[in-house]
Amino acid sequence: MHKLLRRAPALVALTGVVTFAGAAGASAQAPTTPVQVPIRVLRNPDGEAVALVQVTVSGQALTFVVDTGASESVISRRAARALHLPKAGRRTTTLSAGGRGVSQPVTVSTWQVGTVTLTPRKIASVQLGLARDIGAFGLLGSDVLSSFGKVSIDYAHGVMTLGG
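Residues numbered from 1 in each chain as written. Predicted model: local features only at pLDDT ≥ 70, side-chain atom pairs only at ≥ 80, totals over all residues. Heavy atoms only, no water.

Colleague: Explain the overall build of the protein here, please?
Modeller: The number of helices and strands found in the protein is four helices and 13 strands. Taken across its 164 residues, the protein has 46% of its residues classed as buried. With the model as given, the accessible surface of the protein reaches about 8,500 Å², and the carbon-plus-sulfur share is 52%. (Helix = DSSP H or I, 4+ residues; strand = E, 2+ residues; numbered from the N terminus. Buried < 20%, exposed > 50% of the residue type's maximum accessible area, 1.4 Å probe, protein only. Areas by Shrake-Rupley, 256 points an atom, 1.4 Å probe, with all protein chains shown as cover.)

Written as structure tokens, this is what we have:
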């Protein structure tokens, strides 16, 4: 359960409340008032934490890692195939903190986090070991989070606030 925390320090955040400020008004579907979304927090023995949130993609509830340091949201290749997400371009070779890999852009037309409907967008479908490690099938990155203008993560109370 805590293998990810040891292997991927880029996903680790400090305890307490973390605020991520992005470009206000970047999404036509961002809430006008703050919306609280429950998160699940995993901690390793050293107290390092990872926030997990439920994202519904094409009617299927999936666990995603909240990764404010990721510039792009991604979904596991396995989940993208199971949900029949349409390909949205050519496969490319990518380089990230996790190493080199192959990315297939897919279109996510209907998705939401908590009660907030997200704007349809193209995201990367990649080989992702998070399902095996912590039960997550994607990363919710700053490309989506910045559309809320402000995102606060309260690790102590297991709540992420979108907007505000």
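Colleague: Please explain the nonpolar core as it appears in this structure.
Modeller: Generally speaking, a soluble globular protein has its nonpolar side chains buried in company with each other. Within the largest apolar cluster, 32 residues are counted, with the highest numbers of intra-cluster contacts made by Val 53, Val 57, Ile 75, Trp 111, Val 113, Leu 140 and Met 160. The leading source of residues in this core is strand β3 (residues 49-57), at five residues. When residues no more than four places from it in sequence are discounted, the contact partners of Val 113 are Val 37, Val 53, Gln 54, Val 55, Leu 118, Leu 140, Met 160 and Leu 162. In terms of nonpolar packing, the next biggest core, distinct from the first, is built from 12 residues, Leu 42, Val 74, Val 126 and Ile 134 among them. (Core = buried A, V, L, I, M, F, W, Y, C linked by side-chain atoms within 4.5 Å. Contact = heavy atoms within 4.5 Å.)

Colleague: Teacher, can you tell me more about the environment of Val 151 here?
Modeller: Within the secondary structure, Val 151 sits in strand β12 (residues 150-154). When the C-alpha positions of Val 151 and Gly 163 are compared, they lie 6.0 Å apart, and in sequence the two are 12 residues distant.

Colleague: Can you help me understand the pattern of salt bridges in this one?
Modeller: Enumeration according to the criterion identifies two salt bridges in this entry. Asp 133 serves as the salt-bridge partner of Arg 132, at 3.8 Å between the closest nitrogen and oxygen. The exposed category is assigned to Arg 132, whose relative accessible area is 63%. (Salt bridge = Lys/Arg side-chain N within 4 Å of Asp/Glu carboxyl O.)

Colleague: Can you walk me through the pairing of strand β13 (residues 159-162) in this structure?
Modeller: Residues in a regular strand project their side chains so that they alternate between the two faces of the sheet. Residues Val 159 and Thr 161 line one face of β13 and the alternating positions Met 160 and Leu 162 line the opposite face, and both faces are buried. Pairing analysis gives four bridges linking strand β2 (residues 35-43) to β13, with the strands arranged antiparallel. Paired with Val 37 across the two strands is Met 160, which belongs to β13. Looking at chain direction, β12 and β13 are connected through four bridges and run antiparallel. Across the sheet, Ser 152 pairs through a bridge with Thr 161, a residue of β13. Between the antiparallel neighbours β12 and β13 lie four residues, among them Gly 158 with a positive phi of about 65°. (Pairing = 2+ DSSP bridges.)

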